[in-house]
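Close look at the chain arrangement
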Amino acid sequence: MSSKRFDVAVVGAGIIGAATARELAQRGHSVVLLEAVDVASDTSCRAMGHVGVYDDDPAQVGLTKFARGLWDELGPELPAEVDFVRRGALWIASGDAEMAEVDSKVGVYARAGVEARAVDADELHRMEPNLRPGLPGALWVPGDLVLDAAEATKFLARQAVDRGVELRTKSRVRELGGDHVVLADGARVLADRIVLAAGWQSPRLLPSLPIRPRKGHIALFAPRPGYVRHQVSEVGYVRGAEPGRSESITFSFQPRSSGRYLLGASRQYVGDSLDVDPNVIGRLYARAKEFLPGIGELTIERTWAGLRPAGPDAVPILGPMPGRPNLLLAVAHEGIGITTCLATGRLLAEIVDGRPPSIPLEPFRPERLGLNPS
Ligand SMILES: Cc1cc2nc3c(=O)[nH]c(=O)nc-3n(C[C@H](O)[C@H](O)[C@H](O)COP(=O)(O)OP(=O)(O)OC[C@H]3O[C@@H](n4cnc5c(N)ncnc54)[C@H](O)[C@@H]3O)c2cc1C
């Protein structure tokens, strides 16, 4: 057993753990990043990469606005492979009722100080000529970004290591102690604080965590540059993401600089298998046809599935575990972990440093869920 003691042990090198380790090291802490498999080997390498301001919940608007701003600051440092592009997001209405929803969303974004406006049918058609004619309009959020989530995770982990973080891959944690963790081979790693960032697998280490894997399928389309230029999703996406929905299929389409496109978004609570269900891909494709009738001209190159770490509400769980002050949670990022990772890292580091949080922490604290110190 090594007797070295770290300030912080971060468990999990997905995008949340990588961003948190990086931020802690930047502030001078000694950090070990413990990863069961490899950097970006689970959900963070299977996501779509829309860095957006989301309005599912008032707390989420504030968190994602703060988070997107941090990505803006980091943007100039990102290497080409992260494919960080300000495409802007269109949230498309499919009828008059959804257009009314767009108008009320304009108010939500305005109150949050986020630039957004409604576009009508003509403007929408000019922005995205391949969308079905007759769609009434959309919410336009020009500041939204897209990136390659796997490459972004690897970049954050590399920066963490450059700042002194000791990265240990193939190091599965099997137990969380008060001032240490125990690895699968029985070795102990000593640390004053432990950050749990193990994604959907976090309840294996802390069974009282109410986190379930929420499966999402993606289809990757072969290059057809210019076919769609913005991140486009249907307004109903937010309803589909509500935690209580057992299953949903909504339209979300994301252009990449390579000319390829990612198609989502499905949500299902069906266990932790990563097997692709062709029926779900078929339903995603059928939904996409309602918005992009010509999508049949594009070729699907690859399909896959990933597991969102879903909590009981629409916001992540951040902060000390009740009854275990040295154990900090950075979990339950569901469908916004790529967006919010830098914000989570910043907030966790502020907790460790005992500094006032950049945004109010209350909506994210574990206490709201009445967790037991298991
Ligand atoms: C289909 C899909 C599309 C998505 N699209 C978007 C999007 O457009 N925008 C957005 O913001 N978010 C999106 N998300 C959500 C985002 O991918 C997740 O919120 C985010 O990746 C969660 O990151 P994480 O670091 O918590 O988890 P993970 O990436 O799963 O990382 C957890 C890490 O912990 C490791 N680990 C687990 N157990 C242990 C252990 N015992 N010991 C050591 N290590 C351990 C795992 O190996 C893994 O590497 C999407 C997700 C899916 C599935």
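Residues numbered from 1 in each chain as written. Predicted model: local features only at pLDDT ≥ 70, side-chain atom pairs only at ≥ 80, totals over all residues.

Our next topic: the overall build of the protein. Across its full length, the protein carries eight helices and 18 strands. For the protein, the C-alpha radius of gyration of 20 Å lies close to 21 Å, the compact-globule estimate for 374 residues. Along the longest, intermediate and shortest principal axes, the C-alpha atoms of the protein span 65 × 40 × 40 Å. The buried share of the protein, reckoned over its 374 residues, is 50%. (Helix = DSSP H or I, 4+ residues; strand = E, 2+ residues; numbered from the N terminus. Rg over C-alpha atoms; globule rule 2.2 N^0.38 Å. Buried ≥ 20, exposed ≤ 12 C-beta atoms within 10 Å, placed from the backbone.)

What follows covers the pairing of strand S15 (residues 261-268). For S15, the buried fraction is high: seven of the eight residues fall into the buried class. Direction of pairing for strand S12 (residues 212-221) relative to S15: antiparallel, over a ladder of four bridges. Paired with alanine 219 across the strands is leucine 263, a residue of S15. Two elements, strand S14 (residues 247-255) and S15, share seven bridges in a ladder whose sense is antiparallel. (Pairing = 2+ DSSP bridges.)

Surveying the vicinity of the ligand reveals 41 residues, the closest of which are Gly12, Gly14, Gly199, Gly216 and Gly337. Elements represented by at least two residues in the shell around the ligand include exactly helix H1 (15-26), S12, strand S16 (300-310) and helix H8 (337-353). For the shell around the ligand, the domains that each give at least three residues are domain 1 (5-46 + 149-211 + 314-369) and domain 2 (89-142 + 212-310). (Near = placed C-beta within 6 Å. Domains from an automatic or database assignment.)

Take the environment of proline 278 next. Tracing the chain through its elements places proline 278 in helix H7 (residues 278-291). Here the alpha-carbon distance between proline 278 and histidine 217, two residues 61 residues apart in the chain, equals 9.6 Å.

The biggest cluster of nonpolar side chains holds 117 residues, and the ones touching the most others in it are Ala9, Val11 and Leu196. Each of two domains, domain 1 (5-46 + 149-211 + 314-369) and domain 2 (89-142 + 212-310), supplies a minimum of three residues to this core. Aside from chain neighbours lying at most four places away, what touches leucine 196 is Val11, Leu176, Ser202, Leu205, Leu206, Leu327, Leu329, Ala330 and Val331. (Core = buried A, V, L, I, M, F, W, Y, C linked by C-beta atoms within 7 Å. Contact = placed C-beta atoms within 7 Å.)

Let us now look at the sheet that holds S14. Read across the open sheet, the eight strands follow the order S5-S6-S4-S13-S14-S15-S12-S16; overall the sheet is mixed. The sheet terminates laterally at strand S5 (117-120) and S16, the two strands that pair on one side only. Each strand of the sheet is rotated relative to its neighbour by a mean of 25°, with strand direction disregarded. Against the sheet, helix H3 (residues 96-111) contacts strand S4 (89-93), S5 and strand S6 (137-141), and its axis sits at roughly 20° relative to S6. Together, S4, S12, strand S13 (231-234), S14, S15 and S16 form the strand contacts of H7, whose direction differs from that of S14 by roughly 60°. (Axes fitted to C-alpha atoms, helices over the stretch in contact; angles between N-to-C directions.)

The next subject is the domain arrangement of the protein. Interface size, as often reported, equals the accessible area lost upon joining of the parts. One can read the domain layout of the protein as domain 1 (5-46 + 149-211 + 314-369) and domain 2 (89-142 + 212-310). Taken together, the 12 residues of domain 1 in the interface contact 12 residues of domain 2. In terms of residue class, the side of domain 1 that touches domain 2 is made up of five nonpolar, five polar and two charged. (Nonpolar A, V, L, I, M, F, W, Y, C, P; charged D, E, K, R; others polar.)

Note: most peptide bonds trans; most residues except glycine with negative phi. Of note, the bond from glycine 264 into alanine 265 is cis; its omega dihedral lies within 30 degrees of zero at 5°. Here alanine 265 lies in strand S15. Even without glycine at this site, aspartate 83 takes up a positive phi of about 50°. Structurally, the position occupied by aspartate 83 is in the loop between helix H2 (58-74) and S4. A positive phi angle, near 50°, is found at lysine 170, a position not held by glycine. Tracing the sequence through the fold places lysine 170 in the loop between strand S8 (166-168) and strand S9 (173-176). Since 11 C-beta atoms lie within 10 Å of it, lysine 170 is described here as exposed.

Turning our eyes to something else, we now look at H1. Since one α-helical turn is 3.6 residues long, residues separated by three or four positions face the same way. The end-to-end C-alpha distance of H1 is 16 Å, a good match for the 16 Å that 12 residues give at a rise of 1.5 Å each. Of all 12 residues making up H1, 11 are buried, and the element is well covered by its neighbours. Of all the positions in H1, only Ile15, Ile16, Gly17, Ala18, Ala19, Thr20, Ala21, Arg22, Glu23, Leu24 and Ala25 are classed as buried. Those residues of H1 that are buried are in contact with strand S1 (5-11), strand S2 (31-34), helix H5 (149-162), strand S11 (188-196), strand S18 (324-331) and H8. Downstream of H1 by a residue or two, glycine 28 has a phi angle that is positive, lying close to 95°. (Expected span 1.5 Å × (residues − 1).)

Okay, the pairing of S6 next. Within a regular beta strand, the side chains point alternately toward one face of the sheet and then the other, so they alternate between its two faces. Burial runs high along S6: five of the five residues are buried. Alternating positions in S6 separate into two faces, Gly137, Leu139 and Val141 on one and Ala138 and Trp140 on the other, with burial throughout. With five bridges joining them, S4 and S6 adopt antiparallel strand pairing. For leucine 90, the partnering residue across the bridge sits in S6 and is tryptophan 140. Alignment of S5 against S6, held across four bridges, turns out to be antiparallel. Bridge pairing links arginine 117 to tryptophan 140 in S6.

Turning our attention to the packing of H1 against H8. At a minimum axis separation of 8 Å, H1 and H8 run at an interaxial angle of 40°. Taken together, the axes of H1 and H8 lie oblique to each other. The two elements H1 and H8 cross, and the hand of that crossing is right-handed. Residues Ile15, Ile16, Ala19, Thr20, Arg22, Glu23 and Leu24 of H1 pack against Gly337, Ile338, Cys341, Leu342, Thr344, Gly345, Arg346, Leu348, Ala349 and Val352 of H8. When the residues that make up the contact of H1 with H8 are grouped by side-chain class, the tally is 10 nonpolar, four polar and three charged. (Parallel < 35°, antiparallel > 145°, perpendicular 65-115°, else oblique. Left-handed = near helix turned anticlockwise from the far one by under 90°.)

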